[in-house]
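Coordinate inspection notes
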Amino acid sequence: MNSEPAKSDPKATQYLEYALRTVSNFRQKLAVWLEPAHLEQLRPLLQYQAGVLGGFALLAAILLGVADLATRGVIELRLQEDLQANLEQVVPAELYDNNLLKDSVLLPSADANLGAEQTEVYLAKKQGTVNAVCFKFVAPDGYAGPISLVMGIDSKGEILGVRVIAHVETPGLGDKIEVTKSKWVLSFNGKSLNNLTVEQWAVKKDGGVFDQFSGATITPRKVVQAIKRGLEFYKMHQAELLNSSQ
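Residues numbered from 1 in each chain as written. Predicted model: local features only at pLDDT ≥ 70, side-chain atom pairs only at ≥ 80, totals over all residues. Heavy atoms only, no water.

The protein chain carries the name Ion-translocating oxidoreductase complex subunit G in an unreviewed UniProt entry, which gives Methylomonas denitrificans as its organism. According to the UniProt record, the Subunit (unreviewed entry) comment for the protein chain is "The complex is composed of six subunits: RnfA, RnfB, RnfC, RnfD, RnfE and RnfG." (UniProt positions renumbered as here; feature names shortened; annotations may be inferred.)

Printed below as a string of structure tokens:
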């Protein structure tokens, strides 16, 4: 199957052409400026020293600009691939046949304490029907700093999966929130606001049903609280999200 060639960004092309012309002109002028006879005349002058520094600074700026332009697309592609992998971990493949990254809605979340003014919610659809949603959010008050998570929720409001995607918690203690370090985060699967009471949405030390870690209670406590807020955010927008079927 033949595919259409990717369309280039006109602004990026113009910027690249301008950068290449600038580099070419600069090289020509630099060649003249660096002729031995010319340098001998300039060497004693203060302006000579300033010119050398300015020349190197200009060249460095141009090279950095060209490098940024060349790598920007690659970086964006890697970020999209990482996001896709994270979403696939929390939503089973059999629940959707659409492209999650291209099927989303942006919802206000400033009052939900999810770490952002707006939250992008990805819709998992099968034959046009929304079966689940997934979104990223943050527990802003971890023991050592913010904890970034991603969660998948089915249409009934039950958790399909939770994964921690970034944190700075203490190695060997708080890092047990990672699925590669322990199975603790899997204990949220199947949980919802309907099958647990408000009191049960806490670590056992606080009267809830979720384990805490030996020597590290704050980290799991804050993750539990953040996940509960994420479920409340979904419940608030549940009707709107489920009616996003096309």
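Within the open sheet, the five strands sit side by side as 1-2-3-4-5. Their pairing is antiparallel. Two strands in the sheet have a free side with no partner beyond their single neighbour: strand 1 (104-108) and strand 5 (159-166). The average angle at which neighbouring strand axes cross in this sheet is 25°, direction not considered. Where strand 2 (residues 118-126) and strand 3 (residues 129-139) come together, six bridges link them in antiparallel fashion. Looking across to strand 3, one finds that Val-121 is bridged to Phe-135. Sheet strands touched by helix 4 (residues 218-242): strand 1, strand 2, strand 3, strand 4 (147-154) and strand 5. Its angle to strand 3, the strand with the most contacts, is close to 145°. (Pairing = 2+ DSSP bridges. Helix = DSSP H or I, 4+ residues; strand = E, 2+ residues; numbered from the N terminus. Axes fitted to C-alpha atoms, helices over the stretch in contact; angles between N-to-C directions. Contact = heavy atoms within 4.5 Å.)

Quick look at helix 4 now. With 25 residues, helix 4 extends 34 Å from end C-alpha to end C-alpha; this agrees with the ideal 36 Å at 1.5 Å per step. By the largest-angle criterion, Met-236 marks the main kink of helix 4, which is about 50°. (Expected span 1.5 Å × (residues − 1). Bend = angle between axes of the 7 residues up to and from the residue.)

With that out of the way, let us pick up unusual backbone geometry. Positive phi values are uncommon outside glycine, yet Asn-113 reaches one of about 55°. Take Asn-113: it is sitting in the loop between strand 1 and strand 2. One non-glycine residue, Gln-127, adopts positive backbone phi at about 55°. You can see Gln-127 is positioned in the loop between strand 2 and strand 3. What makes Gln-127 exposed here is its relative accessible area of 75%. (Buried < 20%, exposed > 50% of the residue type's maximum accessible area, 1.4 Å probe, protein only.)

To continue, consider the pattern of salt bridges. Here the structure, examined in full by the defined rule, presents eight salt bridges. Asp-211 is the salt-bridge partner of Lys-204, the closest N and O atoms lying 2.7 Å from each other. It is possible to trace a salt-bridge network through shared partners that takes in Asp-175, Glu-178 and Lys-181. (Salt bridge = Lys/Arg side-chain N within 4 Å of Asp/Glu carboxyl O.)

Quick look at the pairing of strand 4 now. Regular strands place side chains that alternate from one sheet face to the opposite one. Within strand 4, seven of the eight residues are buried, leaving the element largely enclosed by the surrounding structure. Both strand 3 and strand 4 contribute to a ladder of eight bridges, which runs antiparallel. The residue bridging Cys-134 from the neighbouring strand is Gly-152, located in strand 4. The sheet contact formed by strand 4 and strand 5 spans six bridges and is antiparallel. Paired with Met-151 across the two strands is Val-162, which belongs to strand 5. Hairpin connection between strand 4 and strand 5: a loop of four residues separates the two successive antiparallel strands, and Gly-157 in this loop has a positive phi of roughly 100°.

A few words on the side chain of His-237. Structurally, His-237 can be placed in helix 4. Setting aside residues no more than four positions away along its own chain, His-237 makes contact with Leu-107 and Pro-108.

With that out of the way, let us pick up the side chain of Gln-84. Along the chain, the position of Gln-84 falls in helix 3 (residues 46-90). A distance of 3.0 Å separates the side chain of Gln-84 from the side chain of Glu-88, its partner in a polar contact. If we skip the residues at most four places from it in the chain, Gln-84 touches Asn-99 and Leu-101. (Polar contact = N/O pair within 3.5 Å; in protein donor to acceptor, adjacent residues only side chain to side chain.)

Summed over the entire model, instances satisfying the criterion amount to seven aromatic pairs. Between Trp-184 and Phe-188 the ring centres are 5.2 Å apart and the planes differ by 85°, which places this aromatic pair in the edge-to-face class. Take Trp-184 and Phe-188: they sit in the same class, and that class is buried. Look at Phe-188 and Trp-201: their rings are 6.4 Å apart centre to centre, the planes differ by 15°, and that puts the pair in the stacked class. (Phe/Tyr/Trp six-rings, centres within 6.5 Å; stacked < 30°, edge-to-face > 60°.)

Attention now moves to the UniProt feature "modified residue: FMN phosphoryl threonine" (unreviewed entry) in the protein chain. Here, UniProt's "modified residue: FMN phosphoryl threonine" (unreviewed entry) annotation points to Thr-217. Examined against the element boundaries, Thr-217 turns out to sit in the loop between strand 5 and helix 4. Beyond its immediate stretch of four places on either side in the chain, Thr-217 contacts Val-203, Lys-205 and Gln-212.

Turning our eyes to something else, we now look at the nonpolar core. Counting residues in each nonpolar core, the largest one holds 35 residues, and the members touching the most others are Phe-188, Trp-201 and Ile-227. For this core, the secondary structure elements donating two or more residues are strand 2, strand 3, strand 4, strand 5 and helix 4. Ranked by the residues each element gives to this core, the list is headed by helix 4, at eight residues. Apart from the residues within four sequence positions on either side, Phe-188 is in contact with Ile-159, Val-162, Trp-201, Phe-210, Val-224 and Ile-227. Core analysis: the second largest hydrophobic core is formed by 11 residues, Leu-83, Val-90, Tyr-96 and Ala-124 among them. (Core = buried A, V, L, I, M, F, W, Y, C linked by side-chain atoms within 4.5 Å.)

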